[in-house]
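Remarks on the overall topology
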Amino acid sequence: MISSPGFTAVTSPEGAFEIRGTPPGRYRLKAWHGAFGAIEREVSVARAEQLTLTLAFGPGNAKRE
């Protein structure tokens, strides 16, 4: 089962973001870009883990909304 607690973040001007306090579990991450739509990824977070994920937006690799 995928958890969906509703954590959100806004990126910095460089595109980085951080979501603190996420409990261990599986999540569906959805990132949205004004020109390229959305990218969704399933991620797993372990206890006391810092997860790094790189998302690349561009034509053809994003799910449009």
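So, here is what we can say about the structure in this document. Just so we're clear, the structure is a prediction, and the values are computed from it rather than from any experiment. (Residues numbered from 1 in each chain as written. Predicted model: local features only at pLDDT ≥ 70, side-chain atom pairs only at ≥ 80, totals over all residues. Heavy atoms only, no water.)

Some points on the overall build of the chain
For the chain, the helix and strand inventory stands at zero helices and two strands. The proportion of buried residues among the 65 residues of the chain is 17%. Across the chain, the fraction of contacts at a sequence separation of at least 24, relative to all contacts at a separation of at least 6, is 28%. Looking at the chain as shown, the accessible area adds up to about 5,300 Å², and 52% of this sits on carbon and sulfur atoms. (Helix = DSSP H or I, 4+ residues; strand = E, 2+ residues; numbered from the N terminus. Buried < 20%, exposed > 50% of the residue type's maximum accessible area, 1.4 Å probe, protein only. Contact = heavy atoms within 4.5 Å. Areas by Shrake-Rupley, 256 points an atom, 1.4 Å probe, with all protein chains shown as cover.)

What about the pairing of strand β2 (residues 37–45)?
Sheet topology note: the strand β1 (residues 25–33)/β2 ladder contains nine bridges and is antiparallel. The partner of Ala-31 across the bridge, within β2, is Ile-39. A loop of three residues connects β1 with β2, the two strands running antiparallel in sequence. (Pairing = 2+ DSSP bridges.)

Considerations on the environment of Ala-9
Within the element layout of this structure, Ala-9 appears in the segment before β1. Placed ten residues apart in sequence, Ala-9 and Ile-19 show a C-alpha to C-alpha distance of 6.4 Å.

Some remarks on the pattern of salt bridges
In total, this model carries four salt bridges according to the counting rule given. One salt bridge connects Arg-20 with Glu-18, and the closest N-O pair in it is separated by 2.4 Å. Taking the relative accessible area as the measure of exposure, Arg-20 reaches 69% and is therefore exposed. Residue Glu-18 is classed as exposed on the basis of its relative accessible area, which comes to 53%. (Salt bridge = Lys/Arg side-chain N within 4 Å of Asp/Glu carboxyl O.)

Regarding a nonpolar patch on the surface
Taken together, the side chains of Phe-7, Phe-17 and Ile-19 present a nonpolar region at the surface, about 250 Å² in accessible area. The topology assignment puts Phe-17 in the segment before β1. Residue classification places Phe-17 among the partly exposed residues on the basis of a relative accessible area of 40%. (Patch = residues over 30% accessible without salt bridge, like charges linked within 9 Å, V, L, I, M, F, W, Y side chains within 5 Å.)

Focus on unusual backbone geometry
A positive phi angle, close to 60 degrees, is found at Ala-48, a residue other than glycine. The exposed category is assigned to Ala-48, whose relative accessible area is 83%.

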